[in-house]
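Fold and geometry: a report
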Amino acid sequence: MSDITDYAAAGVRGLAPYKPGKPVAELQREYGVADAIKLASNENPLGASPRAREAAAATLDEAGIYPDGGGFALRGRIADHHGVAAEQVTLGNGSSDPLAFAVEVFVTPGDEVVYSAHAFALYPLLTQAAGARGVEVPTTAGYGHDLEAMAAAITDRTRVVFVANPNNPTGTRVGASALRNFLERVPGHTLAVVDEAYFEYARDLDSDYPDASAWLAEFPNLLVTRTFSKLHGLAGLRVGYGLSSPAVADLLNRVRPPFNVNAPAQAAALAAMDDAEHLAASLEANREGMAQLEAGLRERGLDWIPSVGNFLTFDTGGDAGEVHEALLRQGVILRPMGEYGLPRHLRATIGRTADNERLLTALDRALAETGRR
Ligand SMILES: *Cc1c(COP(=O)(O)O)cnc(C)c1O
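Everything numeric here is computed off the predicted structure, so don't read it as measured data.

**Description of the site of the ligand**
- Lining the immediate environment of the ligand, one finds G94, S95, S96, F120, N168, D195, A197, Y198, T227, S229, K230 and R238.
- Measuring from an oxygen atom of the ligand, one finds a side-chain N or O atom of Y198 at 2.6 Å.
- One of the side-chain N or O atoms of K230 is found 3.1 Å from an oxygen atom in the ligand.
- With respect to the pocket detection grid, the ligand is positioned in the second largest pocket.

**Side note on the environment of P210**
- Here P210 lies in the loop between α9 (199-205) and β7 (222-227).
- When its relative accessible area of 3% is taken as the criterion, P210 is described as buried.
- Residues P210 and A176, 34 residues apart in the sequence, show an inter-C-alpha distance of 4.6 Å.
- Those residues in contact with P210 that sit more than four places away from it in its chain are N165, V174, G175, A176, L179, E196, F199, R203 and W215.

**What to know about the UniProt feature "modified residue: N6-(pyridoxal phosphate)lysine" (unreviewed entry) in the protein**
- The feature "modified residue: N6-(pyridoxal phosphate)lysine" (unreviewed entry), as given by UniProt, occupies K230 in the numbering adopted here.
- Tracing the chain through its elements places K230 in the loop between β7 and β8 (240-244).
- Ignoring anything within four residues of it in the chain, the contact list for K230 reads S41, N42, N44, A197, Y198 and Y201.

**Let's talk about the domain arrangement of the protein**
- Along its sequence, the protein is organised into domain 1 (4-35 + 277-369) and domain 2 (64-273).
- Taking the mean C-alpha position of each, domain 1 and domain 2 sit 24 Å from one another.
- Taken residue by residue, the interface counts 27 residues in domain 1 and 29 residues in domain 2.
- Both faces considered, domain 1 and domain 2 share a buried interface measuring about 2,300 Å² in area, 69% of it formed by carbon and sulfur atoms.
- Considering only the surface of domain 1 that becomes buried against domain 2, L279, V308 and Y340 emerge as the three largest contributors, covering 28% of it.
- At the boundary of domain 1 with domain 2, the tally comes to 1 salt bridge.
- A salt bridge links D204 to R287, with the nearest nitrogen and oxygen atoms 2.6 Å apart.
- Inspection of the region where domain 1 meets domain 2 yields 6 residue pairs in polar contact (both at pLDDT 80 or more).
- Listing elements by their share of the side of domain 1 that touches domain 2, those giving two or more residues are α1 (10-13), α12 (276-299), β10 (311-315) and β13 (345-349).
- Ranked by the residues each element gives to the side of domain 1 that touches domain 2, the list is headed by α12, at 6 residues.
- Tallied by class, residues from the side of domain 1 that touches domain 2 come to 15 nonpolar, 10 polar and 2 charged.

**Digging into the packing of aromatic side chains**
- Here the structure, examined in full by the defined rule, presents 7 aromatic pairs.
- Relative to Y123, the ring of F120 lies with its centre 5.6 Å away and its plane at 75°, an arrangement referred to as edge-to-face.
- Ring pairs connect the aromatic residues Y18, F120, Y123 and F162, which therefore count as one cluster.
- Between R347 and the ring centre of F311, over which it is positioned, the NZ or CZ distance is 5.8 Å.

**Some points on the sheet that holds strand β5 (residues 158-164)**
- An order of β2-β8-β7-β6-β5-β3-β4 is seen for the 7 strands of this open sheet, with the pairing classed as mixed. Each edge of the open sheet is held by one strand with a lone partner, namely β2 (89-92) and β4 (133-137). Across the sheet, the mean angle separating the axes of adjacent strands is 20° when strand polarity is ignored.
- In this structure, β5 lies alongside strand β6 (residues 191-195), joined through 5 bridges in parallel fashion. Directly across from V161, in β6, lies its bridge partner A192.
- Contacts between helix α4 (residues 72-82) and the sheet are confined to β2, β7 and β8, with β2 contributing the most and set at about 125° to the helix.
- On top of the sheet, helix α6 (residues 122-129) reaches β3 (112-116), β4, β5 and β6; it is set at about 170° to β3, its chief contact.

Reading guide: rules and limits
- Residues numbered from 1 in each chain as written.
- Predicted model: local features only at pLDDT ≥ 70, side-chain atom pairs only at ≥ 80, totals over all residues.
- Heavy atoms only, no water.
- Near = heavy atom within 4 Å.
- Polar contact = N/O pair within 3.5 Å; in protein donor to acceptor, adjacent residues only side chain to side chain.
- 1 Å grid on protein atoms, 1.4 Å probe; cavity = no way out; pocket = protein on both sides within 12 Å on 5 of 7 lines; lining within 4 Å.
- Sits in = over half its atoms within 2 Å of the grid points.
- Helix = DSSP H or I, 4+ residues; strand = E, 2+ residues; numbered from the N terminus.
- Buried < 20%, exposed > 50% of the residue type's maximum accessible area, 1.4 Å probe, protein only.
- Contact = heavy atoms within 4.5 Å.
- UniProt positions renumbered as here; feature names shortened; annotations may be inferred.
- Domains from an automatic or database assignment.
- Buried area = accessible area lost by both parts, 1.4 Å probe.
- Salt bridge = Lys/Arg side-chain N within 4 Å of Asp/Glu carboxyl O.
- Nonpolar A, V, L, I, M, F, W, Y, C, P; charged D, E, K, R; others polar.
- Phe/Tyr/Trp six-rings, centres within 6.5 Å; stacked < 30°, edge-to-face > 60°.
- Lys NZ or Arg CZ within 6 Å of the ring centre and 35° of its normal.
- Pairing = 2+ DSSP bridges.
- Axes fitted to C-alpha atoms, helices over the stretch in contact; angles between N-to-C directions.

The structure is reproduced here in structure tokens:
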């Protein structure tokens with residue numbers, strides 16, 4: 001008898017699903033610890049702005065009706081923010097949506113997709129699901145995107161090239177002139193996707209960090225993605241967007257599921273954009289927490305990859321597996337980096353002062369337990 005699972009698309013059959021950070025409740029269940037903290041998914045430790053929460057809650061009175069499928073108000077607000085037309089905005093259930101739409105629209109089996117080594121896990125995943133060939137380009141010595149080599153890796157078959165700026169999980173970024181030169185080299189038959197999930201953090205930490213959305217008018221094959229999951233603290237509501245030429249946005253919107261951004265998420269995103277105070281406080285907490293973690297790692301003689309995001313990826317001084325386990329036993333959840341080709345590294349999200357302190361203390365014990373200190 002034939003088995004339906006044998007008929008899954010070839011790309012999907014070979015696929016390993018995306019592994020998210022371990023949820024706190026799961027750790028508490030498995031390890032029997034009571035007060036676990038999670039610094040594993042680059043969430044804003046201050047959470048959502050109170051104004052965003054209120055706005056989301058207010059929509060629940062109308063939970064029985066569909067949201068605005070076109071996202072009129074939010075799209076308009078995002079367009080104003082970037083000085084582009086609303087027709088250039090594609091709303092997403094997180095920015096994962098426009099990233100997926102890009103592959104769905106432009107990539108067919110046998111095509112090529114170019115991305116960097118140690119880059120965001122979604123890129124190879126989407127590529128494989130589409131039955132395309134992923135071309136992973138080695139990084140520079142400092143784990144940064146090698147844009148020269150990435151441009152050189154683009155062939156006639158390349159439909160999408162992904163640039164994560166800054167990159168997760170390394171926290172590295174490419175500067176303004178390097179990115180511009182790269183975009184000038186991307187041929188017209190390839191969509192250049194610049195993933196700016198950590199845009200605001202990078203802007204805050206580095207004056208040479210570029211806003212690729214400013215170049216949309218010059219590059220009709222450019223897609224810039226942004227999210228409300230990170231600085232805006234709305235990861236649980238799932239809202240993000242893509243910015244592109246109107247023609248590319250029109251294509252992306254054809255595959256966008258109807259009502260992909262729900263009403264609470266639309267309302268919360270609008271309110272979050274207007275809460276300058278909460279955004280500034282979140283950036284300040286990140287700067288301070290980053291300095292705190294860097295100082296703590298330095299004291300412990302551990303190396304890290306300099307980051308312009310809200311996370312820090314550090315070298316545990318050997319295989320990271322047992323240090324990761326020792327931290328879990330103490331109720332501290334970080335993200336192991338083996339699947340990103342960095343088996344010695346762990347990624348820590350910058351948390352609140354007390355959480356960072358707890359991580360560093362737990363790290364002392366983990367290093368002692370594993371005989372590294
Ligand atoms: C977190 C993240 C995203 C998007 O996440 P969403 O919650 O879907 O918006 C995109 N790219 C990178 C590099 C990320 O780290």
